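Descriptive structure summary
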Amino acid sequence: MILITGATGNIGSALLEQYRAKGAPSGGVRALTRGADKVAELRAGGVEAAIGDFDHLTGAQALSWAEVAQALSAATGKEVRYQDVPPEAFGATLRGHGVPEFLVGALLSLYAVYRAGYAATVTDDVRCVTGSAPRTLAQFAADHAAAFRGA
Ligand SMILES: NC(=O)c1ccc[n+]([C@@H]2O[C@H](COP(=O)([O-])OP(=O)(O)OC[C@H]3O[C@@H](n4cnc5c(N)ncnc54)[C@H](OP(=O)(O)O)[C@@H]3O)[C@@H](O)[C@H]2O)c1
């Protein structure tokens, strides 16, 4: 199944038209739009369509870094630890490696956002749009355990 995001836009609608003219690949094609009116229009034209908004596309769970380390440890059989480095020490290390000040500021701001929990929202968009729930990190790590082990 190929999901065409932006299927109602300039590029997506041209792509959809090409599939219509030449035939869809095996597994079919699904068009994505944010609007109920547009999804109805697409379906009326014989297109398989789904409603979804990718502004808040997320994975299956909100995880702390410690939980990420735990999942990687479980999948690889090797201990992976999360070390909570205070922002001042992180900034000092970056500066020590010659990272320019604007980038140090940008990275510290980014991690301040994570610390404040702004990345903790979980939406159901992947399942709504694809019909399948997103993989958990534990599943992803298990599927690619050899790569994570460096084998
Ligand atoms: N056209 C060009 O020549 C060109 C050149 C270079 C790069 N690009 C880039 O290619 C992309 C598509 O270009 P385009 O010209 O086809 O754009 P467009 O005609 O403005 O269409 C935008 C599409 O994105 C969808 N969309 C907007 N926000 C979304 C969201 N939050 N979640 C899911 N879908 C969303 C819209 O779907 P709904 O309104 O139906 O929800 C619409 O189908 C853009 O990022 C553009 O910057 C375009």
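Just so we're clear, the structure is a prediction, and the values are computed from it rather than from any experiment. (Residues numbered from 1 in each chain as written. Predicted model: local features only at pLDDT ≥ 70, side-chain atom pairs only at ≥ 80, totals over all residues.)

Thoughts on the sheet that holds strand β2 (residues 29–33)
The strand order across the open sheet built from 3 strands is β1-β2-β3, with neighbouring strands paired in parallel fashion. On the outer flanks of this sheet lie β1 (2–4) and β3 (49–51), each paired with one strand and no other. Adjacent strand axes in the sheet meet at a mean angle of 30°, parallel and antiparallel pairs treated alike. Here 3 bridges tie β1 to β2, and the two strands are oriented parallel to one another. Its bridge partner being in β2, Leu 3 is matched across the sheet by Arg 30. Sheet strands touched by helix α2 (residues 36–44): β2 and β3. Its angle to β3, the strand with the most contacts, is close to 170°. (Pairing = 2+ DSSP bridges. Helix = DSSP H or I, 4+ residues; strand = E, 2+ residues; numbered from the N terminus. Axes fitted to C-alpha atoms, helices over the stretch in contact; angles between N-to-C directions. Contact = placed C-beta atoms within 7 Å.)

With respect to the site of the ligand
As a structural note, the neighbourhood of the ligand is formed by 15 residues, with Gly 6, Gly 9, Asn 10, Thr 33 and Arg 34 the closest of them. Ranked by residue count, the leading element in the shell around the ligand is helix α1 (residues 10–22), at 3 residues. In terms of residue class, the shell around the ligand is built from 3 nonpolar, 8 polar and 4 charged. (Near = placed C-beta within 6 Å. Nonpolar A, V, L, I, M, F, W, Y, C, P; charged D, E, K, R; others polar.)

Some points on helix α5 (residues 101–115)
Between its first and last C-alpha atoms α5 spans 21 Å; for 15 residues at 1.5 Å apiece the expected length is 21 Å, and the two agree. With 0 of 15 residues buried, α5 lies mostly on the surface of the structure. Phi turns positive, to about 90°, at Gly 117, one or two residues after α5. (Expected span 1.5 Å × (residues − 1). Buried ≥ 20, exposed ≤ 12 C-beta atoms within 10 Å, placed from the backbone.)

What about the nonpolar core?
Side chains of nonpolar character tend, in soluble globular proteins, to be buried together. One finds Ile 4, Ala 7, Leu 16, Ala 31, Leu 32, Val 39, Leu 42 and Ala 49 forming the largest nonpolar core, which totals 8 residues. Counting only elements with at least two residues in this core, the list comes to β2 and α2. If we ignore the near neighbours within four places in the chain, the residues touching Ala 49 are Arg 30, Ala 31, Thr 33, Val 39, Leu 42 and Arg 43. (Core = buried A, V, L, I, M, F, W, Y, C linked by C-beta atoms within 7 Å.)

A word on the pairing of β2
Most of β2 is tucked away, with 4 of its 5 residues classed as buried. In terms of strand pairing, β2 meets β3 through 3 bridges, oriented parallel. Residue Thr 33 lies in a different strand from β3, and its bridge partner there is Ile 51. Chirality of the crossover, the property in question, places the unit of β2, α2 and β3 among those that are right-handed. (Right-handed = clockwise from strand over helix to strand, strands pointing away.)

Some points on the domain arrangement of the protein
Looking at the protein, the domain boundaries give domain 1 (2–52) and domain 2 (59–120 + 132–151). Taking the mean C-alpha position of each, domain 1 and domain 2 sit 35 Å from one another. (Domains from an automatic or database assignment.)

Re the packing of helix α4 (residues 87–96) against α5
At a closest axis distance of 10 Å, the pairing of α4 and α5 adopts a crossing angle of 150°. Classified by the angle between their axes, α4 and α5 sit roughly antiparallel to one another. The crossing of α4 and α5 is right-handed. For the pair α4 and α5, contact is made by Pro 87, Phe 90, Gly 91, Leu 94 and Arg 95 and by Val 104, Leu 107, Leu 108, Tyr 111 and Ala 112, respectively. Looking at the contact of α4 with α5 residue by residue, the class counts come to 8 nonpolar, 1 polar and 1 charged. (Parallel < 35°, antiparallel > 145°, perpendicular 65-115°, else oblique. Left-handed = near helix turned anticlockwise from the far one by under 90°.)

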